[in-house]
Amino acid sequence: MPNTETTGTQRIKRGLMLIVSSPSGAGKTSLCRRLMADHADLDLSTSVTTRKPRPGEQEGREYHFIDDARMDKLVKEDAFLEHAAVHDHRYGSLREPVERALSQGQNVLFDIDWQGAQRISAKAPSDVVRIFILPPSMVELKRRLIARAQDEMAVIERRLQRAKGEISHWAEYDYVILNDDFDRSYAELVHIYHAEVARRSRGLWIAPFVDELMSETI
Ligand SMILES: Nc1ncnc2c1ncn2[C@@H]1O[C@H](COP(=O)(O)OP(=O)(O)OP(=O)(O)O)[C@@H](O)[C@H]1O
Ligand SMILES: Nc1nc2c(ncn2[C@@H]2O[C@H](COP(=O)(O)O)[C@@H](O)[C@H]2O)c(=O)[nH]1
């Protein structure tokens, strides 16, 4: 999965898949949106879902909104890298756009739950970086879901009931960010992203570059 960084000399890198999970309302989508806006080398994996769009959500931007029959068809066609039932609906990460983005030199960001994180990690362990976002408290989690004002109270209650189940998977992730202050949490996310992109194992350019360096006469 080559990734091209063009600052000065061309440096070919192995693309990474950045997975961000959290209980509903902890702030992963807000953090991911800002990371996407600030990084041209990062593409979002736009999931498919059977959930209805929330006010303001647009087809193809937050999700591809489909019905159960279409979801069944895509599963049959093996169109998903992973798919799972989350909060009474079905969600899936499409294989083709992810593979295309990686082959074009992009890194790919996934806003998915712990089931999706497990499945993608099992398929490509060395290309995955997993980050779990924790809320500062359950009271604050509830406050954020209510303040977001996009789901009915019954939906919010069900998501809160499931929050502890999602949180129980925190130890399966490479990094954990406590999202209390948004700007501080975002800075932490950016540091993690930059460090992971710079990992020696992703630098496909390094070995040939060092060979060339060693062959130079002084
Ligand atoms: N650090 C923060 N402090 C206060 N409010 C925050 C913080 N981070 C996010 N929020 C707000 O909390 C609400 C929930 O955030 P967001 O939609 O990003 O959560 P989420 O984890 O993606 O939830 P879901 O899984 O339901 O999509 C939003 O209204 C967002 O603006
Ligand atoms: N396993 C997957 N989980 C996904 C995917 N897309 C989103 N999600 C997760 O679902 C919940 C609910 O999202 P919401 O937008 O309805 O609030 C959240 O945890 C998402 O991260 C996916 O493709 N696969």
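Residues numbered from 1 in each chain as written. Chains lettered and ligands numbered in written order. Predicted model: local features only at pLDDT ≥ 70, side-chain atom pairs only at ≥ 80, totals over all residues.

## Overview of the site of ligand 1
Turning to step 1, where the next piece is worked out: Close to ligand 1 lie 14 residues, the nearest being Ser24, Gly27, Thr29, Ser30 and Arg144.
Turning to step 2, where the next piece is worked out: The set of elements that each furnish at least two residues to the shell around ligand 1 consists of helix 1 (28-38), helix 5 (138-148) and helix 7 (182-197).
Turning to step 3, where the next piece is worked out: For the shell around ligand 1, the class distribution of residues is 3 nonpolar, 8 polar and 3 charged. (Near = placed C-beta within 6 Å. Helix = DSSP H or I, 4+ residues; strand = E, 2+ residues; numbered from the N terminus. Nonpolar A, V, L, I, M, F, W, Y, C, P; charged D, E, K, R; others polar.)

## A short note on the pairing of strand 9 (residues 107-111)
Turning to step 1, where the next piece is worked out: Judged by how many residues are buried, strand 9 sits mostly within the fold: 5 of 5 residues are covered.
Turning to step 2, where the next piece is worked out: Examined bridge by bridge, strand 3 (residues 17-21) and strand 9 share 4 bridges and lie parallel to one another. Residue pairing in the sheet places Leu18 in a bridge with Leu109 of strand 9.
Turning to step 3, where the next piece is worked out: Two elements, strand 4 (residues 42-44) and strand 9, share 3 bridges in a ladder whose sense is parallel. In the sheet register, Asp43 faces strand 9, and the bridge partner there is Val108. (Buried ≥ 20, exposed ≤ 12 C-beta atoms within 10 Å, placed from the backbone. Pairing = 2+ DSSP bridges.)

## Observations regarding the UniProt feature "binding site: ATP" (unreviewed entry) in the protein chain
Turning to step 1, where the next piece is worked out: As annotated in UniProt, the feature "binding site: ATP" (unreviewed entry) corresponds to Ser22, Pro23, Ser24, Gly25, Ala26, Gly27, Lys28 and Thr29 in the numbering used here.
Turning to step 2, where the next piece is worked out: Tracing the backbone through its elements, the reader meets Ser24 in the loop between strand 3 and helix 1.
Turning to step 3, where the next piece is worked out: If sequence neighbours within four positions are ignored, Ser24 has contacts with His87, Leu145, Arg159 and Ala163.
Turning to step 4, where the next piece is worked out: As for its position among the elements, Gly27 is in the loop between strand 3 and helix 1. (UniProt positions renumbered as here; feature names shortened; annotations may be inferred. Contact = placed C-beta atoms within 7 Å.)

## What about the environment of Lys142?
Turning to step 1, where the next piece is worked out: Along the chain, the position of Lys142 falls in helix 5.
Turning to step 2, where the next piece is worked out: On the basis of neighbour count, Lys142 is assigned to the partly exposed category, with 17 C-beta atoms found within 10 Å.
Turning to step 3, where the next piece is worked out: Remark: the alpha-carbon pair of Lys142 and Leu16, spanning 126 residues in sequence, is separated by 33 Å.

## A look at the UniProt feature "domain: Guanylate kinase-like" (unreviewed entry) in the protein chain
Turning to step 1, where the next piece is worked out: In the UniProt entry, the feature "domain: Guanylate kinase-like" (unreviewed entry) is given for residues 15-194.
Turning to step 2, where the next piece is worked out: For residues 15-194, the helix share is 43%, the strand share is 23%, and the end-to-end C-alpha distance is 13 Å.

## Describing the pairing of strand 10 (residues 128-134)
Within a regular strand, side chains alternate between the sheet's two faces.
Turning to step 1, where the next piece is worked out: Most of strand 10 sits inside the fold, with 5 of its 7 residues counted as buried.
Turning to step 2, where the next piece is worked out: Summarising the sheet, strand 3 and strand 10 pair through 5 bridges and their orientation is parallel. Note that in strand 10 the partner of Leu18 across the bridge is Val129.

## Describing unusual backbone geometry
Turning to step 1, where the next piece is worked out: Phi angles above zero are rare outside glycine, and Asp78 is one such case at about 60 degrees.
Turning to step 2, where the next piece is worked out: On the secondary structure map, Asp78 appears in the loop between helix 2 (68-76) and strand 7 (80-86).
Turning to step 3, where the next piece is worked out: Exposure remark for Asp78: the 8 C-beta atoms within 10 Å place this residue in the exposed category.
Turning to step 4, where the next piece is worked out: A positive phi angle, near 75 degrees, is found at Asp88, a position not held by glycine.
Turning to step 5, where the next piece is worked out: Tracing the chain through its elements places Asp88 in the loop between strand 7 and strand 8 (89-94).

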